[in-house]
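# A closer look at the structure
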Amino acid sequence: MSDLYARHRSVLPDWLALYYEDPIEITHGEGRHVWDSEGNKYLDFFGGILTTMTAHALPEVTKAVSEQAGRILHSSTLYLNRQMVELAERIAQLSGIPDARVFFTTSGTEANDTALLLATTHRRSNTILAMRNSYHGRSFSAVGITGNRGWSPTSLSPLQTLYVHGGVRTRGPYASLSDADFIAACVDDLRDLLGHTRPPAALIAEPIQGVGGFTSGPDGLYAAFREVLAERGILWIADEVQTGWGRTGDHFWGWQAHGRNGPPDILTFAKGIGNGSSIGGVVARAEIMNCLDANSISTFGGTQITMAAGLANLNYLLEHDLQGNARRVGGLLMERLRGVAAQVPHVREVRGRGLMLGVELVKPGTDQADPDAAAAVLEATRAGGLLIGKGGGHNTSALRIAPPLSLTVAEAEEGAAILESALRSL
Ligand code: PLP
């Protein structure tokens, strides 16, 4: 055990997750690569857990941050803040939500907390619909609505949460249904649930479940849910913490794969927009955002230093069409991995879209999840110079691949070759 690991163990919580039997200390990065404290270089297929959206140490972001740091880091949003207004304008316009208002937080958890505060206040109900297998953060209320069993048992949240089918398709009675039949079955379940409960405030859902292993229902699922919800005035909160900013290639937001009847009522974001600096936030129609009778700020939400990073990062992302790159390079990577999967009996499924790809591992010849195989692949890819992720909580049998969106074709091929050899060695 390294000295740093021993110190980590002695002072930080036991439940603070760490990858690898002998955890690494990352010291710096450039482009799609990072280096550890022993000088090893890795191709980064996890993008700092989907936070490095464009590239590590992107000069445009570094310049904006250092110039801003030379002026002022933070002056509180009690004073006018040009960078915050500019980023809010851009996000409001990109969100597709009419008459949108944006509130900045410092994390995805706090963004979802705020969305829950808004929805429950607006609708005067503390009942929330959430998806099975979901993850929405680690605060009292976010854990309370998280469907992933890895977190929810610890919560005694006062919110009443009802879990909806539709997030997971790989296993169970729904696995063999056609897309249309699957959606119809989930809608029936939802109607049934609503017939037995006080009117909920909202349904919160990740368009593609992140921690759940990059799994999703078919396109159009949430549009079908939306019709049922809208009949009853129930709000839809799209948790875009992992799926936003073009990551899914086909769309700028994950909800757009379900967008037949327009944008969500509330959208939450975080992770990639700051390229590693802590920006989260909520977008909602003015009528919903302004339902709070409060005079409030988030001390570090919207601070100049993070807004400068967010603006530079967003500009780069749009000017270089990284969404298009995610679609093209992600498509090639998906094809390559599906080719490998066909020959490796441990691989049950390669799924996802853009540069958000999940590889589900099972015990060969069965439908049984195989977390040990996923752990072995993580160790083997690390040894080969590639960092990847895996699902969290009770979903540790899925590998998660989410590189920075500037990934090149050559890097995709290099990473796929390392992953292929790790999968074949199972
Ligand atoms: N929502 C989703 C979909 C997430 O994946 C996460 C984190 O992984 C969160 C919310 C919580 O975000 P944070 O860790 O920034 O609090």
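Since the structure is predicted, the reported quantities are computational estimates derived from the model, not experimental observations.

## Structural notes on the overall build of the protein chain
Regarding its fold elements, the protein chain presents 13 helices and 15 strands. A compact globule built from 426 residues would reach a C-alpha radius of gyration of about 22 Å, and the protein chain, at 21 Å, matches this within 12%. With the principal axes as the frame, the protein chain shows a C-alpha extent of 60 × 55 × 45 Å. Taken over 426 residues, the protein chain has a buried fraction of 52%. At a minimum sequence separation of 6, the contacts of the protein chain that also span at least 24 residues come to 75%.

## Here we look at the site of the ligand
The local shell around the ligand holds 15 residues, among which Ser-107, Gly-108, Thr-109, Gly-137 and Val-241 are the closest. If one sorts the elements of the shell around the ligand by residue count, helix 5 (residues 108–123) sits on top with three residues. Its residues assigned to classes, the shell around the ligand comprises four nonpolar, nine polar and two charged.

## Regarding the packing of helix 4 (residues 82–95) against helix 10 (residues 304–319)
Their axes nearest at 9 Å, the elements helix 4 and helix 10 cross at an angle of 40°. Taken as axis vectors, helix 4 and helix 10 run oblique relative to one another. In this structure, helix 4 meets helix 10 at a crossing whose hand is left-handed. For the pair helix 4 and helix 10, the contacting residues are Gln-83, Met-84, Glu-86, Leu-87 and Arg-90 in the first and Gln-304, Met-307, Ala-308, Gly-310, Leu-311 and Leu-314 in the second. In the contact of helix 4 with helix 10, the residues fall into six nonpolar, three polar and two charged.

## Description of the pairing of strand 8 (residues 235–239)
Counted residue by residue, strand 8 has five buried out of five residues, so it is predominantly covered. Where burial is concerned, the two faces of strand 8 agree: the one with Leu-235, Ile-237 and Asp-239 and the one with Trp-236 and Ala-238 are both buried. The pairing of strand 7 (residues 202–205) with strand 8 spans four bridges and is classified as parallel. Residue pairing in the sheet places Ala-205 in a bridge with Ala-238 of strand 8. Here three bridges tie strand 8 to strand 9 (residues 266–269), and the two strands are oriented parallel to one another.

## Describing the nonpolar core
Counting residues in hydrophobic clusters, the biggest one holds 112 residues, and the most contacted among them are Ala-119, Ala-202, Leu-203, Ile-237, Ile-266, Leu-357 and Ile-388. With nine residues, helix 10 is the largest single contributor of residues to this core. Counting contributing residues per domain, this core is built from domain 1 (3–54 + 323–424) and domain 2 (63–319), each supplying no fewer than three. The contacts of Ile-266, once residues within four sequence positions are left out, are Ala-115, Leu-118, Ala-119, Leu-235, Ile-237, Val-282, Ala-284 and Ile-288.

## Thoughts on the environment of Lys-363
Along the chain, Lys-363 falls in the loop between strand 12 (356–361) and helix 12 (371–383). Residues within four places of Lys-363 in sequence aside, it is in contact with Gln-368 and Asp-370.

## Observations concerning the sheet that holds strand 9
With respect to topology, seven strands assemble into an open sheet ordered 4-10-9-8-7-5-6, the strand pairing being mixed. Strand pairing shows two members of the sheet lacking a second neighbour, strand 4 (100–105) and strand 6 (160–164), which therefore form its edges. Each strand of the sheet is rotated relative to its neighbour by a mean of 20°, with strand direction disregarded. Running over the sheet, helix 4 touches strand 4, strand 9 and strand 10 (280–285) and is turned about 125° from strand 4.

## As for the sheet that holds strand 12
On the basis of which strands lie adjacent, the open sheet formed by four strands has the order 11-12-15-14 and antiparallel pairing. A single partner strand is all that each edge strand has here, and the edge strands are strand 11 (347–353) and strand 14 (389–390). Relative to the sheet, helix 11 (residues 322–341) contacts strand 11 and strand 12, its axis offset from that of strand 11 by approximately 170°.

## Comments concerning unusual backbone geometry
Located in the positive-phi region is Asp-99, a residue other than glycine, with phi close to 50°. Examined against the element boundaries, Asp-99 turns out to sit in the loop between helix 4 and strand 4. Asp-99 sits in the exposed class, given 11 other C-beta atoms within 10 Å. Here Lys-271, not a glycine, exhibits a phi torsion of approximately 40°, which is positive. Locating Lys-271 in the fold gives a position in the loop between strand 9 and strand 10. Overall, the presence of 28 C-beta atoms within 10 Å leaves Lys-271 in the buried class.

## Observations regarding the domain arrangement of the protein chain
Split by domain assignment, the protein chain resolves into domain 1 (3–54 + 323–424) and domain 2 (63–319). Taking the mean C-alpha position of each, domain 1 and domain 2 sit 24 Å from one another. On the domain 2 side, the residues contacting the 30 residues of domain 1 number 31 residues. Every element with two or more residues in the side of domain 1 that touches domain 2 is listed here: helix 2 (47–50), helix 11, strand 11, strand 12 and strand 15 (398–401). Top element by residues in the side of domain 1 that touches domain 2 is strand 11. It accounts for five residues. Split by residue class, the side of domain 1 that touches domain 2 holds eight nonpolar, 14 polar and eight charged.

## So, the packing of helix 11 against helix 13 (residues 409–424)
Think of two packed helices as two axes; the pair is described by the angle between the axes and how far apart they sit. In the contact formed by helix 11 and helix 13, the axes pass within 10 Å of each other and the chain directions differ by 20°. Here helix 11 lies roughly parallel to helix 13, going by the angle between them. With respect to the hand of their crossing, helix 11 and helix 13 are arranged in right-handed fashion. On the side of helix 11, the interface is formed by Val-329, Leu-332, Leu-333, Arg-336, Leu-337 and Val-340, while helix 13 contributes Val-409, Ala-412, Ala-416, Glu-420 and Leu-423. Broken down by class, the residue content of the contact of helix 11 with helix 13 amounts to nine nonpolar, no polar and two charged.

## Let's talk about the environment of Leu-129
Structurally, Leu-129 can be placed in strand 5 (residues 127–131). Overall, the presence of 25 C-beta atoms within 10 Å leaves Leu-129 in the buried class. Spatially, the C-alpha atoms of Leu-129 and Arg-71 are 45 Å apart, while their sequence positions differ by 58 residues. Setting aside anything within four residues of it in sequence, one finds Leu-129 in contact with Leu-162, Val-164, Pro-200, Ala-202 and Leu-203.

Rules of the game
- Residues numbered from 1 in each chain as written.
- Predicted model: local features only at pLDDT ≥ 70, side-chain atom pairs only at ≥ 80, totals over all residues.
- Helix = DSSP H or I, 4+ residues; strand = E, 2+ residues; numbered from the N terminus.
- Rg over C-alpha atoms; globule rule 2.2 N^0.38 Å.
- Buried ≥ 20, exposed ≤ 12 C-beta atoms within 10 Å, placed from the backbone.
- Contact = placed C-beta atoms within 7 Å.
- Near = placed C-beta within 6 Å.
- Nonpolar A, V, L, I, M, F, W, Y, C, P; charged D, E, K, R; others polar.
- Axes fitted to C-alpha atoms, helices over the stretch in contact; angles between N-to-C directions.
- Parallel < 35°, antiparallel > 145°, perpendicular 65-115°, else oblique.
- Left-handed = near helix turned anticlockwise from the far one by under 90°.
- Pairing = 2+ DSSP bridges.
- Core = buried A, V, L, I, M, F, W, Y, C linked by C-beta atoms within 7 Å.
- Domains from an automatic or database assignment.

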